[in-house]
Amino acid sequence: MNALIVLLLLLTSLTAIQCFSGITKGFAKGFAKGFSKSKPSGFGTPKSDPMSPHTLDTSPQTTNLVNFINKNDGMCEKKAKIGYVKNAMRGLICTSDIKKGETICSIPSSIALALSDPSDSSSSVVDGASNYYSWYVNGNPSQPVEDYNKLTIPKLKSLLDVRGVKYRSKSKKAELVEMAQGSEGGEMEDGAGNSMFSPYLNSLPTPDSDSKMFTPTPDFFTTDEIRSLEFPKMVEMTLSRVESVRDVAVQKGIAEDVMRYYTWIVSSRSFNIRLSVSSPSSSSSESAKSVRVLLPYLDMINHSPSSNAELDILDPEIDDSTFVIKAKRNIRAGQEVTIAYGSGGFSSLDMFGDYGFVDSMETMSSDPKNVQKGPLARKAVTPDERMMDKEEKLIKEEGVWGGWTTTIEEDIREFEDLEPGCTRARVLQFRIKLKRAGGWH
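Residues numbered from 1 in each chain as written. Predicted model: local features only at pLDDT ≥ 70, side-chain atom pairs only at ≥ 80, totals over all residues. Heavy atoms only, no water.

Section: the overall build of the chain
Counting its secondary structure elements, the chain contains 13 helices and 11 strands. Put simply, 68% of the contacts in the chain that link residues at least 6 apart link residues at least 24 apart. Carbon and sulfur atoms provide 53% of the accessible area of the chain, an area that totals close to 23,800 Å². (Helix = DSSP H or I, 4+ residues; strand = E, 2+ residues; numbered from the N terminus. Contact = heavy atoms within 4.5 Å. Areas by Shrake-Rupley, 256 points an atom, 1.4 Å probe, with all protein chains shown as cover.)

Regarding the packing of aromatic side chains
The full count for this structure, using the stated rule, is 16 aromatic pairs. For the ring pair Tyr341 and Tyr355, a centre distance of 4.6 Å and an interplane angle of 35 degrees mean the geometry is tilted. With Tyr341 in the loop between strand 11 (336-339) and helix 10 (348-355) and Tyr355 in helix 10, the pair connects residues that are 14 residues apart, well separated along the chain. Take Tyr341 and Tyr355: they sit in the same class, and that class is buried. Among the aromatic side chains, those forming a connected cluster through ring pairs are Tyr132, Tyr133, Trp135, Tyr136, Phe197, Phe214, Phe220, Tyr261, Tyr262 and Trp264. (Phe/Tyr/Trp six-rings, centres within 6.5 Å; stacked < 30°, edge-to-face > 60°. Buried < 20%, exposed > 50% of the residue type's maximum accessible area, 1.4 Å probe, protein only.)

Comments concerning unusual backbone geometry
Despite not being glycine, Glu77 shows a phi value in the positive range, around 65 degrees. Along the chain, Glu77 falls in the loop between helix 2 (60-71) and strand 2 (80-84). Positive phi is not limited to glycine here, since Tyr297 has a value of about 75 degrees. By the secondary structure assignment, Tyr297 is in the loop between strand 7 (286-294) and strand 8 (302-303). Look at Tyr297 and you get buried, because its relative accessible area is 1%.

Section: the nonpolar core
Counting 63 residues, the largest nonpolar core has Ile104, Tyr132, Tyr297 and Ile325 as the members making the most contacts within it. Examining the composition of this core, we find that seven residues originate from one element, helix 3 (residues 125-137), more than from any other. Once residues lying within four places of it in the same chain are set aside, the contact partners of Tyr132 are Leu115, Val137, Leu201, Leu204, Tyr262, Ile265, Val266 and Leu294. (Core = buried A, V, L, I, M, F, W, Y, C linked by side-chain atoms within 4.5 Å.)

Here we look at the sheet that holds strand 4 (residues 103-108)
A sheet is described by the order of its strands in space; here three strands give the open sequence 4-10-9, paired in antiparallel fashion. In this open sheet, the two strands that pair with only one neighbour each are strand 4 and strand 9 (309-314). Along the sheet, successive strands turn relative to each other by an average axial angle of 20 degrees, direction set aside. Alignment of strand 9 against strand 10 (residues 322-327), held across six bridges, turns out to be antiparallel. Looking at strand 10, one finds that Asp312 is bridged to Val324. (Pairing = 2+ DSSP bridges. Axes fitted to C-alpha atoms, helices over the stretch in contact; angles between N-to-C directions.)

A few points about the sheet that holds strand 3 (residues 90-94)
Sheet strands pair by backbone hydrogen bonding; their relative direction is either parallel or antiparallel. Taken together, the five strands give an open sheet; going across it, the order is 1-2-3-11-8, and neighbouring strands pair in mixed fashion. Two strands close off the open sheet at either side, each with one partner strand: strand 1 (55-56) and strand 8. Two strands pair when backbone bridges link them, and strand 3 and strand 11 are joined in this way by two bridges, in the antiparallel orientation. The partner of Leu92 across the bridge, within strand 11, is Val337.

Here we look at the pattern of salt bridges
Considering all chains together, one arrives at 12 salt bridges under this definition. With a shortest N-O distance of 3.3 Å, Asp299 and Arg269 are connected by a salt bridge. You can see Asp299 sitting in the loop between strand 7 and strand 8 and its partner Arg269 sitting in helix 9 (residues 256-269), a full 30 residues away along the chain. No difference in accessibility class separates Asp299 from Arg269, as the two residues are buried. Salt bridges linked by common partners bring Glu230, Asp411, Arg431 and Lys435 together as one network. (Salt bridge = Lys/Arg side-chain N within 4 Å of Asp/Glu carboxyl O.)

Things to note about the confidence of the model for the chain
Scored by pLDDT, the chain has a mean of 73; 60% of the residues are at 70 or more. For the chain, per-element mean pLDDT is lowest for helix 4 (residues 153-162), which scores 39, and highest for helix 7 (residues 223-227), which scores 97. Of the regions scoring below 50 in pLDDT, residues 140-193 engages in 89 contacts with residues more than four places distant in sequence or in other chains. Per-residue pLDDT stays below 50 along residues 277-286; that stretch engages in 10 contacts with residues further than four places along the chain or on separate chains. (pLDDT = per-residue confidence, 0-100.)

A look at the pairing of strand 11
With two bridges joining them, strand 8 and strand 11 adopt parallel strand pairing. Its bridge partner lying in strand 11, His303 is registered against Ile339.

Quick word on helix 10
Counting buried positions over the eight residues of helix 10 gives eight, a clear majority of the element. Buried within helix 10 we find Ser348, Leu349, Asp350, Met351, Phe352, Gly353, Asp354 and Tyr355. Looking one or two residues beyond helix 10, the residue adopting positive phi is Gly356, at roughly 85 degrees.

With respect to helix 9
The end-to-end C-alpha distance of helix 9, which contains 14 residues, comes to 20 Å, matching closely the 20 Å that a straight helix rising 1.5 Å per residue would cover. Across the 14 residues of helix 9, 11 count as buried, placing the element largely inside the fold. (Expected span 1.5 Å × (residues − 1).)

Things to note about the packing of helix 12 (residues 408-416) against helix 13 (residues 423-437)
Running from N to C, helix 12 and helix 13 point in directions that differ by 150 degrees, and their axes come no closer than 10 Å. Compared by their axis directions, helix 12 and helix 13 come out roughly antiparallel. Helix-helix and strand crossings are classified by hand; for helix 12 and helix 13 the assignment is left-handed. Listed contacts from helix 13 to Ile408, Asp411, Ile412, Glu414 and Phe415 of helix 12 are Arg424, Ala425, Leu428, Gln429, Arg431, Ile432, Lys435 and Arg436. In terms of residue class, the contact of helix 12 with helix 13 is built from six nonpolar, one polar and six charged. (Parallel < 35°, antiparallel > 145°, perpendicular 65-115°, else oblique. Left-handed = near helix turned anticlockwise from the far one by under 90°. Nonpolar A, V, L, I, M, F, W, Y, C, P; charged D, E, K, R; others polar.)

Quick word on the environment of Glu256
Along the chain, the position of Glu256 falls in helix 9. Under the relative-accessibility criterion, Glu256 is labelled partly exposed at 27%. The spatial distance from the C-alpha of Glu256 to the C-alpha of Val242 is 9.4 Å, given a sequence separation of 14 residues.

Set out below in C-alpha coordinates:
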(Lines give C-alpha, C1' and ligand atoms only; values in the text may rest on other atoms or scores of the structure.)
Protein backbone atom coordinates (compact mmCIF):
# COMPACT_ATOMS: atom_id res chain seq x y z
CA MET A 1 0.00 0.00 0.00
CA ASN A 2 2.81 2.35 0.94
CA ALA A 3 4.66 1.44 -2.25
CA LEU A 4 1.61 2.37 -4.33
CA ILE A 5 1.32 5.75 -2.64
CA VAL A 6 5.01 6.46 -3.26
CA LEU A 7 4.60 5.50 -6.93
CA LEU A 8 1.60 7.83 -7.36
CA LEU A 9 3.47 10.72 -5.73
CA LEU A 10 6.44 10.14 -8.02
CA LEU A 11 4.28 10.16 -11.17
CA THR A 12 2.51 13.34 -10.02
CA SER A 13 5.85 15.09 -9.45
CA LEU A 14 7.16 14.10 -12.87
CA THR A 15 3.98 15.41 -14.58
CA ALA A 16 4.21 18.69 -12.70
CA ILE A 17 7.86 19.11 -13.65
CA GLN A 18 7.08 18.44 -17.32
CA CYS A 19 4.18 20.91 -17.30
CA PHE A 20 6.27 23.57 -15.61
CA SER A 21 9.08 22.95 -18.06
CA GLY A 22 6.68 23.32 -21.00
CA ILE A 23 5.21 26.51 -19.60
CA THR A 24 8.68 27.91 -18.97
CA LYS A 25 9.88 27.05 -22.47
CA GLY A 26 6.71 28.48 -24.01
CA PHE A 27 6.98 31.64 -21.97
CA ALA A 28 10.66 32.03 -22.82
CA LYS A 29 9.97 31.44 -26.51
CA GLY A 30 7.01 33.83 -26.51
CA PHE A 31 8.92 36.43 -24.55
CA ALA A 32 11.88 36.21 -26.92
CA LYS A 33 9.57 36.46 -29.93
CA GLY A 34 7.69 39.38 -28.46
CA PHE A 35 10.91 41.14 -27.44
CA SER A 36 12.38 40.77 -30.91
CA LYS A 37 9.32 42.48 -32.47
CA SER A 38 8.66 45.14 -29.87
CA LYS A 39 10.21 48.60 -30.03
CA PRO A 40 12.69 49.65 -27.34
CA SER A 41 11.00 51.43 -24.49
CA GLY A 42 11.53 52.42 -20.91
CA PHE A 43 14.16 54.33 -18.98
CA GLY A 44 17.49 54.71 -20.75
CA THR A 45 16.17 53.65 -24.16
CA PRO A 46 17.40 56.02 -26.92
CA LYS A 47 14.62 57.95 -28.69
CA SER A 48 14.55 58.61 -32.42
CA ASP A 49 15.80 62.07 -33.38
CA PRO A 50 12.84 64.17 -34.67
CA MET A 51 15.33 66.32 -36.59
CA SER A 52 16.82 63.41 -38.54
CA PRO A 53 14.73 64.06 -41.72
CA HIS A 54 15.89 67.69 -41.80
CA THR A 55 19.14 69.59 -42.23
CA LEU A 56 19.77 72.79 -40.31
CA ASP A 57 21.02 75.85 -42.20
CA THR A 58 24.45 76.66 -40.75
CA SER A 59 25.55 78.98 -43.56
CA PRO A 60 27.42 82.19 -42.58
CA GLN A 61 24.57 84.29 -44.03
CA THR A 62 21.94 82.67 -41.80
CA THR A 63 24.25 82.71 -38.77
CA ASN A 64 24.88 86.44 -39.23
CA LEU A 65 21.13 87.05 -39.59
CA VAL A 66 20.38 85.18 -36.36
CA ASN A 67 23.05 87.19 -34.53
CA PHE A 68 21.61 90.42 -35.98
CA ILE A 69 18.11 89.55 -34.73
CA ASN A 70 19.22 88.57 -31.24
CA LYS A 71 21.53 91.58 -30.81
CA ASN A 72 18.65 93.91 -31.68
CA ASP A 73 16.27 92.64 -28.98
CA GLY A 74 14.68 90.01 -31.19
CA MET A 75 14.20 86.36 -30.28
CA CYS A 76 14.93 83.42 -32.57
CA GLU A 77 16.56 79.98 -32.72
CA LYS A 78 15.32 79.05 -29.22
CA LYS A 79 12.81 76.28 -29.97
CA ALA A 80 12.87 76.45 -33.77
CA LYS A 81 15.69 76.85 -36.27
CA ILE A 82 16.07 77.62 -39.96
CA GLY A 83 16.77 74.50 -42.00
CA TYR A 84 15.88 72.47 -45.05
CA VAL A 85 12.59 70.69 -44.38
CA LYS A 86 13.10 67.01 -45.23
CA ASN A 87 16.13 68.27 -47.16
CA ALA A 88 13.86 70.15 -49.55
CA MET A 89 12.53 73.72 -49.14
CA ARG A 90 14.17 75.97 -46.58
CA GLY A 91 11.92 76.88 -43.66
CA LEU A 92 11.56 77.07 -39.88
CA ILE A 93 11.67 73.73 -38.04
CA CYS A 94 10.74 73.05 -34.41
CA THR A 95 13.66 71.66 -32.41
CA SER A 96 11.64 71.41 -29.18
CA ASP A 97 7.93 70.96 -28.47
CA ILE A 98 5.99 74.25 -28.60
CA LYS A 99 2.67 74.82 -26.84
CA LYS A 100 -0.37 76.59 -28.27
CA GLY A 101 -0.08 80.36 -27.79
CA GLU A 102 3.67 80.24 -27.22
CA THR A 103 5.88 82.79 -28.99
CA ILE A 104 8.18 81.01 -31.44
CA CYS A 105 10.22 84.00 -32.62
CA SER A 106 9.97 87.78 -32.68
CA ILE A 107 11.60 90.95 -33.99
CA PRO A 108 11.22 94.57 -32.85
CA SER A 109 9.72 97.11 -35.24
CA SER A 110 13.06 98.98 -35.23
CA ILE A 111 14.55 96.37 -37.57
CA ALA A 112 11.49 95.95 -39.81
CA LEU A 113 12.03 97.44 -43.27
CA ALA A 114 9.06 99.56 -44.34
CA LEU A 115 8.53 99.69 -48.11
CA SER A 116 5.67 102.16 -48.40
CA ASP A 117 4.19 105.20 -46.74
CA PRO A 118 0.86 104.47 -45.00
CA SER A 119 -0.53 107.69 -46.47
CA ASP A 120 -0.02 106.36 -50.03
CA SER A 121 -2.88 103.91 -50.56
CA SER A 122 -2.03 103.47 -54.25
CA SER A 123 1.45 102.03 -53.63
CA SER A 124 2.02 98.85 -55.68
CA VAL A 125 4.46 95.97 -55.37
CA VAL A 126 6.71 97.61 -57.96
CA ASP A 127 6.56 100.89 -56.00
CA GLY A 128 7.69 98.93 -52.97
CA ALA A 129 10.57 97.49 -55.00
CA SER A 130 11.57 101.00 -56.06
CA ASN A 131 11.59 102.11 -52.42
CA TYR A 132 13.53 98.99 -51.42
CA TYR A 133 16.26 99.91 -53.89
CA SER A 134 16.33 103.61 -52.94
CA TRP A 135 16.11 103.25 -49.17
CA TYR A 136 18.02 100.08 -48.39
CA VAL A 137 20.18 98.99 -51.32
CA ASN A 138 21.36 102.31 -52.73
CA GLY A 139 20.78 104.28 -49.56
CA ASN A 140 19.64 107.37 -51.43
CA PRO A 141 15.98 108.38 -50.89
CA SER A 142 14.22 109.36 -54.09
CA GLN A 143 12.61 112.38 -52.45
CA PRO A 144 15.29 114.24 -50.45
CA VAL A 145 14.23 116.83 -47.91
CA GLU A 146 15.32 120.32 -49.02
CA ASP A 147 14.45 122.29 -45.89
CA TYR A 148 14.09 120.30 -42.71
CA ASN A 149 13.09 123.41 -40.73
CA LYS A 150 9.71 123.40 -42.53
CA LEU A 151 8.93 119.85 -41.43
CA THR A 152 6.58 119.15 -38.57
CA ILE A 153 7.60 116.54 -36.03
CA PRO A 154 4.90 114.01 -37.12
CA LYS A 155 5.90 114.45 -40.77
CA LEU A 156 9.55 113.98 -39.91
CA LYS A 157 8.76 110.92 -37.82
CA SER A 158 6.74 109.43 -40.68
CA LEU A 159 9.59 110.07 -43.13
CA LEU A 160 12.16 108.43 -40.89
CA ASP A 161 10.00 105.49 -39.82
CA VAL A 162 9.47 104.54 -43.45
CA ARG A 163 13.24 104.24 -43.78
CA GLY A 164 13.52 102.04 -40.71
CA VAL A 165 14.91 104.85 -38.53
CA LYS A 166 13.09 105.86 -35.34
CA TYR A 167 12.68 109.50 -34.35
CA ARG A 168 13.70 109.80 -30.69
CA SER A 169 14.40 113.40 -29.82
CA LYS A 170 13.31 116.81 -31.02
CA SER A 171 16.86 118.07 -30.58
CA LYS A 172 18.13 115.43 -33.01
CA LYS A 173 15.96 116.73 -35.81
CA ALA A 174 18.73 117.95 -38.15
CA GLU A 175 20.87 114.87 -37.56
CA LEU A 176 18.00 112.49 -38.36
CA VAL A 177 16.99 114.32 -41.52
CA GLU A 178 20.62 114.19 -42.66
CA MET A 179 20.58 110.47 -41.99
CA ALA A 180 17.39 110.05 -44.01
CA GLN A 181 18.75 112.08 -46.93
CA GLY A 182 22.07 110.27 -47.05
CA SER A 183 25.50 111.78 -47.46
CA GLU A 184 26.72 113.60 -50.58
CA GLY A 185 28.19 110.34 -51.84
CA GLY A 186 24.74 108.75 -51.86
CA GLU A 187 25.38 106.45 -48.90
CA MET A 188 23.44 106.58 -45.63
CA GLU A 189 25.27 107.22 -42.39
CA ASP A 190 26.32 104.24 -40.28
CA GLY A 191 23.34 102.74 -38.47
CA ALA A 192 20.80 103.40 -41.20
CA GLY A 193 19.91 102.06 -44.61
CA ASN A 194 22.00 99.35 -46.21
CA SER A 195 24.78 99.32 -43.55
CA MET A 196 22.31 98.63 -40.75
CA PHE A 197 20.38 95.94 -42.59
CA SER A 198 23.26 94.23 -44.41
CA PRO A 199 23.00 90.98 -42.35
CA TYR A 200 19.42 90.68 -43.57
CA LEU A 201 20.00 91.83 -47.15
CA ASN A 202 22.88 89.37 -47.52
CA SER A 203 20.69 86.49 -46.34
CA LEU A 204 18.06 86.95 -49.07
CA PRO A 205 17.99 84.31 -51.82
CA THR A 206 18.92 85.37 -55.35
CA PRO A 207 17.94 84.06 -58.79
CA ASP A 208 21.21 82.10 -58.70
CA SER A 209 20.05 80.21 -55.59
CA ASP A 210 18.70 76.70 -55.98
CA SER A 211 14.99 75.95 -56.05
CA LYS A 212 15.01 75.25 -52.30
CA MET A 213 15.15 79.00 -51.71
CA PHE A 214 14.10 80.81 -54.90
CA THR A 215 10.78 80.27 -56.70
CA PRO A 216 10.39 82.72 -59.62
CA THR A 217 7.11 84.58 -59.97
CA PRO A 218 5.38 84.78 -63.39
CA ASP A 219 7.06 88.10 -64.27
CA PHE A 220 10.27 86.07 -64.73
CA PHE A 221 8.56 84.13 -67.54
CA THR A 222 8.92 84.99 -71.21
CA THR A 223 5.98 86.71 -72.91
CA ASP A 224 4.97 83.44 -74.60
CA GLU A 225 5.11 81.60 -71.26
CA ILE A 226 2.96 84.28 -69.62
CA ARG A 227 0.37 84.04 -72.39
CA SER A 228 0.36 80.25 -72.05
CA LEU A 229 -1.23 80.70 -68.61
CA GLU A 230 -4.41 81.32 -70.68
CA PHE A 231 -6.31 82.98 -67.84
CA PRO A 232 -6.94 86.56 -69.04
CA LYS A 233 -6.73 88.29 -65.66
CA MET A 234 -3.50 86.48 -64.74
CA VAL A 235 -1.97 87.29 -68.13
CA GLU A 236 -3.03 90.93 -67.84
CA MET A 237 -1.73 91.32 -64.29
CA THR A 238 1.64 89.76 -65.11
CA LEU A 239 2.26 91.72 -68.32
CA SER A 240 1.32 94.92 -66.48
CA ARG A 241 3.88 94.18 -63.75
CA VAL A 242 6.55 93.37 -66.34
CA GLU A 243 5.95 96.75 -67.98
CA SER A 244 6.04 98.59 -64.64
CA VAL A 245 9.32 96.89 -63.70
CA ARG A 246 10.81 97.96 -67.04
CA ASP A 247 9.72 101.58 -66.55
CA VAL A 248 11.10 101.82 -63.00
CA ALA A 249 14.38 100.21 -64.05
CA VAL A 250 14.84 102.90 -66.71
CA GLN A 251 13.92 105.60 -64.19
CA LYS A 252 16.42 104.30 -61.63
CA GLY A 253 19.11 103.62 -64.20
CA ILE A 254 19.55 99.95 -63.28
CA ALA A 255 19.18 96.70 -65.22
CA GLU A 256 15.66 95.40 -65.73
CA ASP A 257 16.48 91.96 -64.35
CA VAL A 258 17.83 93.56 -61.16
CA MET A 259 14.62 95.55 -60.63
CA ARG A 260 12.62 92.38 -61.34
CA TYR A 261 14.55 90.67 -58.55
CA TYR A 262 13.79 93.53 -56.14
CA THR A 263 10.12 93.21 -57.12
CA TRP A 264 10.30 89.49 -56.34
CA ILE A 265 11.67 90.27 -52.87
CA VAL A 266 8.78 92.65 -52.17
CA SER A 267 6.02 90.45 -53.62
CA SER A 268 7.14 87.14 -52.13
CA ARG A 269 8.66 88.16 -48.79
CA SER A 270 6.90 91.29 -47.53
CA PHE A 271 3.87 91.52 -45.24
CA ASN A 272 1.06 94.00 -45.79
CA ILE A 273 0.28 95.33 -42.31
CA ARG A 274 -3.04 97.05 -41.68
CA LEU A 275 -2.96 100.14 -39.51
CA SER A 276 -5.65 102.29 -37.90
CA VAL A 277 -4.79 105.99 -38.14
CA SER A 278 -6.63 109.19 -37.39
CA SER A 279 -8.18 110.79 -40.44
CA PRO A 280 -9.77 114.26 -40.17
CA SER A 281 -11.45 113.82 -43.55
CA SER A 282 -13.01 110.51 -42.57
CA SER A 283 -16.49 110.27 -41.08
CA SER A 284 -15.13 107.98 -38.40
CA SER A 285 -12.32 108.82 -35.98
CA GLU A 286 -10.06 106.22 -37.57
CA SER A 287 -9.52 104.92 -41.06
CA ALA A 288 -7.77 101.81 -42.28
CA LYS A 289 -4.30 102.22 -43.76
CA SER A 290 -1.69 99.65 -44.59
CA VAL A 291 2.07 99.55 -44.87
CA ARG A 292 4.15 96.92 -46.63
CA VAL A 293 7.13 95.74 -44.57
CA LEU A 294 9.94 93.21 -44.73
CA LEU A 295 10.39 91.28 -41.48
CA PRO A 296 13.89 89.78 -41.23
CA TYR A 297 13.98 86.09 -40.26
CA LEU A 298 10.17 85.86 -40.01
CA ASP A 299 9.96 85.92 -43.81
CA MET A 300 11.72 82.54 -43.97
CA ILE A 301 8.59 80.79 -42.68
CA ASN A 302 6.78 78.82 -45.38
CA HIS A 303 3.10 78.81 -46.27
CA SER A 304 0.45 76.21 -45.51
CA PRO A 305 -3.34 76.51 -45.83
CA SER A 306 -3.53 74.55 -42.56
CA SER A 307 -0.88 76.66 -40.84
CA ASN A 308 0.13 75.94 -37.24
CA ALA A 309 1.34 79.49 -36.46
CA GLU A 310 0.41 83.10 -37.20
CA LEU A 311 1.94 86.57 -37.28
CA ASP A 312 0.77 89.05 -34.67
CA ILE A 313 1.83 92.51 -33.45
CA LEU A 314 2.35 93.34 -29.80
CA ASP A 315 1.54 96.94 -28.83
CA PRO A 316 0.87 98.10 -32.43
CA GLU A 317 -0.03 101.63 -31.30
CA ILE A 318 3.46 102.48 -29.97
CA ASP A 319 6.80 103.02 -31.69
CA ASP A 320 8.51 100.07 -30.05
CA SER A 321 6.02 97.43 -31.16
CA THR A 322 7.04 93.82 -31.76
CA PHE A 323 6.24 91.39 -34.56
CA VAL A 324 5.79 87.87 -33.20
CA ILE A 325 5.11 84.41 -34.59
CA LYS A 326 2.79 82.52 -32.23
CA ALA A 327 1.73 78.89 -32.25
CA LYS A 328 -1.95 78.36 -33.13
CA ARG A 329 -1.79 74.86 -31.69
CA ASN A 330 0.75 72.51 -30.13
CA ILE A 331 3.71 71.85 -32.44
CA ARG A 332 5.95 68.83 -31.92
CA ALA A 333 9.70 68.82 -32.33
CA GLY A 334 10.60 67.97 -35.92
CA GLN A 335 7.50 69.62 -37.38
CA GLU A 336 7.74 72.64 -39.66
CA VAL A 337 6.38 76.00 -38.50
CA THR A 338 4.02 77.43 -41.15
CA ILE A 339 1.79 80.48 -41.58
CA ALA A 340 -0.97 81.28 -44.08
CA TYR A 341 0.25 83.81 -46.63
CA GLY A 342 -2.09 86.68 -47.36
CA SER A 343 -3.82 86.12 -44.01
CA GLY A 344 -5.43 83.01 -45.48
CA GLY A 345 -7.57 84.98 -47.92
CA PHE A 346 -5.64 84.98 -51.21
CA SER A 347 -7.00 83.52 -54.44
CA SER A 348 -4.97 81.31 -56.76
CA LEU A 349 -4.17 84.40 -58.85
CA ASP A 350 -2.77 86.22 -55.81
CA MET A 351 -0.70 83.23 -54.75
CA PHE A 352 0.74 82.53 -58.19
CA GLY A 353 1.34 86.21 -58.99
CA ASP A 354 3.06 87.11 -55.71
CA TYR A 355 4.65 83.82 -54.62
CA GLY A 356 5.01 81.76 -57.78
CA PHE A 357 2.91 78.76 -56.72
CA VAL A 358 -0.72 77.76 -56.32
CA ASP A 359 -2.16 76.44 -53.11
CA SER A 360 -3.20 72.82 -52.87
CA MET A 361 -6.69 73.75 -51.61
CA GLU A 362 -9.41 74.95 -53.97
CA THR A 363 -9.44 78.38 -52.32
CA MET A 364 -7.56 79.48 -49.24
CA SER A 365 -10.47 81.56 -48.02
CA SER A 366 -12.95 78.68 -48.09
CA ASP A 367 -12.04 77.63 -44.55
CA PRO A 368 -12.84 80.39 -42.02
CA LYS A 369 -10.37 78.83 -39.56
CA ASN A 370 -7.51 79.90 -41.81
CA VAL A 371 -8.56 83.55 -42.13
CA GLN A 372 -6.37 85.57 -39.81
CA LYS A 373 -7.78 88.29 -37.58
CA GLY A 374 -6.29 91.44 -36.08
CA PRO A 375 -3.83 93.80 -37.84
CA LEU A 376 -3.24 91.31 -40.67
CA ALA A 377 -6.91 90.65 -41.38
CA ARG A 378 -7.93 90.62 -45.04
CA LYS A 379 -9.51 93.84 -46.29
CA ALA A 380 -12.86 93.99 -47.98
CA VAL A 381 -12.80 92.63 -51.52
CA THR A 382 -11.29 95.13 -53.95
CA PRO A 383 -12.64 95.79 -57.49
CA ASP A 384 -9.76 93.76 -58.96
CA GLU A 385 -10.52 90.85 -56.67
CA ARG A 386 -14.20 91.07 -57.55
CA MET A 387 -13.19 90.84 -61.21
CA MET A 388 -11.11 87.73 -60.45
CA ASP A 389 -14.00 86.20 -58.55
CA LYS A 390 -16.35 86.92 -61.46
CA GLU A 391 -13.99 85.18 -63.88
CA GLU A 392 -13.59 82.15 -61.60
CA LYS A 393 -17.35 82.13 -61.01
CA LEU A 394 -17.87 82.15 -64.78
CA ILE A 395 -15.74 79.02 -65.02
CA LYS A 396 -17.76 77.29 -62.32
CA GLU A 397 -21.20 78.33 -63.55
CA GLU A 398 -20.76 78.04 -67.30
CA GLY A 399 -18.39 75.07 -67.30
CA VAL A 400 -16.69 76.55 -70.35
CA TRP A 401 -13.85 78.99 -70.88
CA GLY A 402 -12.92 80.30 -74.27
CA GLY A 403 -9.26 80.83 -73.32
CA TRP A 404 -8.43 77.19 -72.61
CA THR A 405 -6.79 75.44 -75.54
CA THR A 406 -6.44 72.05 -73.82
CA THR A 407 -8.46 69.79 -71.54
CA ILE A 408 -7.44 69.13 -67.96
CA GLU A 409 -6.55 65.55 -68.88
CA GLU A 410 -4.16 66.77 -71.59
CA ASP A 411 -2.53 69.17 -69.13
CA ILE A 412 -2.11 66.40 -66.55
CA ARG A 413 -0.53 64.02 -69.05
CA GLU A 414 1.94 66.68 -70.18
CA PHE A 415 2.68 67.68 -66.59
CA GLU A 416 3.54 64.11 -65.59
CA ASP A 417 6.26 63.96 -68.26
CA LEU A 418 7.95 67.21 -67.18
CA GLU A 419 10.74 67.88 -64.73
CA PRO A 420 9.16 69.08 -61.46
CA GLY A 421 9.54 72.81 -60.87
CA CYS A 422 10.30 73.82 -64.44
CA THR A 423 8.44 76.81 -65.86
CA ARG A 424 6.15 74.75 -68.08
CA ALA A 425 5.23 72.46 -65.17
CA ARG A 426 4.30 75.46 -63.04
CA VAL A 427 2.20 76.95 -65.87
CA LEU A 428 0.31 73.66 -66.12
CA GLN A 429 -0.17 73.48 -62.34
CA PHE A 430 -1.84 76.89 -62.45
CA ARG A 431 -4.10 75.88 -65.35
CA ILE A 432 -5.01 72.53 -63.77
CA LYS A 433 -5.88 74.26 -60.49
CA LEU A 434 -8.29 76.71 -62.15
CA LYS A 435 -9.82 74.06 -64.42
CA ARG A 436 -10.52 71.84 -61.43
CA ALA A 437 -12.08 74.80 -59.61
CA GLY A 438 -14.35 75.41 -62.57
CA GLY A 439 -15.24 71.80 -63.27
CA TRP A 440 -13.51 71.95 -66.66
CA HIS A 441 -12.57 68.58 -68.20
